[in-house]
Amino acid sequence: MIITLSAVVLLWSFFQAPVTCGAPVRGRADGCRNNATGILMGCHIHQHRWQKLKMLIFRRRVREFCSGLFSDGKATLVTLAAAGSFISGLVALIPGVAV
């Protein structure tokens, strides 16, 4: 049960949680400020979704993506929820992890 709920929270954080887009935009150092759904998805602009995906694929842009995970309060909360659910699922899956 814990593994299932942890997976659901992790998927919600990645694809449905309300956060800001953060895709790189010319003229703005902090990126796009539109509302987005999930850490991995962009806003309603189709190109921003591809930009966020490219940030994960290209090694030189992963740092930029990771810095956006803690850019504001909403993103920080969703990132911590995803990390907590991943650790919770890991502890439930592997009994020797919980020390």
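The structure presented is a predicted model; accordingly, all values stated were derived computationally and were not measured.

Reading the values: rules and limits
Residues numbered from 1 in each chain as written. Predicted model: local features only at pLDDT ≥ 70, side-chain atom pairs only at ≥ 80, totals over all residues. Heavy atoms only, no water. Core = buried A, V, L, I, M, F, W, Y, C linked by side-chain atoms within 4.5 Å. Buried < 20%, exposed > 50% of the residue type's maximum accessible area, 1.4 Å probe, protein only. Contact = heavy atoms within 4.5 Å. Patch = residues over 30% accessible without salt bridge, like charges linked within 9 Å, V, L, I, M, F, W, Y side chains within 5 Å. Areas by Shrake-Rupley, 256 points an atom, 1.4 Å probe, with all protein chains shown as cover. Salt bridge = Lys/Arg side-chain N within 4 Å of Asp/Glu carboxyl O. Helix = DSSP H or I, 4+ residues; strand = E, 2+ residues; numbered from the N terminus. Phe/Tyr/Trp six-rings, centres within 6.5 Å; stacked < 30°, edge-to-face > 60°. Expected span 1.5 Å × (residues − 1). Arc of directions from axis to C-beta. Axes fitted to C-alpha atoms, helices over the stretch in contact; angles between N-to-C directions. Parallel < 35°, antiparallel > 145°, perpendicular 65-115°, else oblique. Left-handed = near helix turned anticlockwise from the far one by under 90°.

Comments concerning the nonpolar core
1) Next: Among the nonpolar cores identified, the biggest contains twelve residues, and these are Ala 17, Val 19, Cys 21, Ala 23, Cys 32, Ala 36, Ile 39, Cys 43, Met 55, Phe 65, Leu 69 and Val 78.
2) Next: If we skip the residues at most four places from it in the chain, Ile 39 touches Ser 13, Phe 14, Val 19, Lys 52, Phe 65, Leu 69, Val 78 and Thr 79.

With respect to a nonpolar patch on the surface
1) Next: There is a patch of nonpolar side chains on the surface, built from Ile 3, Phe 86, Ile 87, Leu 90, Val 91, Leu 93 and Ile 94 and spanning about 610 Å² of accessible area.
2) Next: Tallying contributions element by element places helix α4 (residues 73-93) first for the nonpolar patch, with five residues.
3) Next: As for its position among the elements, Val 91 is in helix α4.

Things to note about the packing of aromatic side chains
1) Next: In this structure the tally under the stated criterion is one aromatic pair.
2) Next: The interplanar angle of 85 degrees and the centroid separation of 6.4 Å between the aromatic rings of Phe 14 and Phe 15 together place this pair among those described as edge-to-face.
3) Next: Assessed through its relative accessible area of 28%, Phe 14 is described here as partly exposed.

Topic: the environment of Ala 75
1) Next: Structurally, Ala 75 is set in helix α4.
2) Next: Non-local contacts of Ala 75, meaning those with residues more than four positions away in its chain, are made with Val 19, Gly 68 and Leu 69.

A closer look at α4
1) Next: Compared with the 30 Å implied by 1.5 Å per residue over 21 residues, the 30 Å span of α4 between its first and last C-alpha is a close match.
2) Next: Inspection of α4 places Ala 75, Val 78, Thr 79, Ala 82, Ser 85 and Gly 89 among the buried residues, and these make up the whole buried set. Within α4, the buried residues cover an arc of 130 degrees as seen down the axis, which keeps them to one side. Exposed positions of α4 whose direction lies more than 90 degrees from the buried face are Gly 73, Leu 77, Leu 80 and Ile 87.
3) Next: Summarising the contacts, the buried residues of α4 are in contact with α1 (2-15), β1 (18-20) and α3 (59-68).

Section: the packing of α1 against α4
1) Next: Axis separation between α1 and α4 bottoms out at 8 Å; the angle between their running directions is 155 degrees. With respect to their mutual orientation, α1 and α4 come out roughly antiparallel. In this structure, the crossing between α1 and α4 has a hand that is left-handed. Contacts from Ile 2, Ile 3, Ser 6, Val 9, Leu 10 and Ser 13 in α1 reach Val 78, Ala 81, Ala 82, Ser 85, Phe 86, Ser 88, Gly 89, Ala 92 and Leu 93 in α4.

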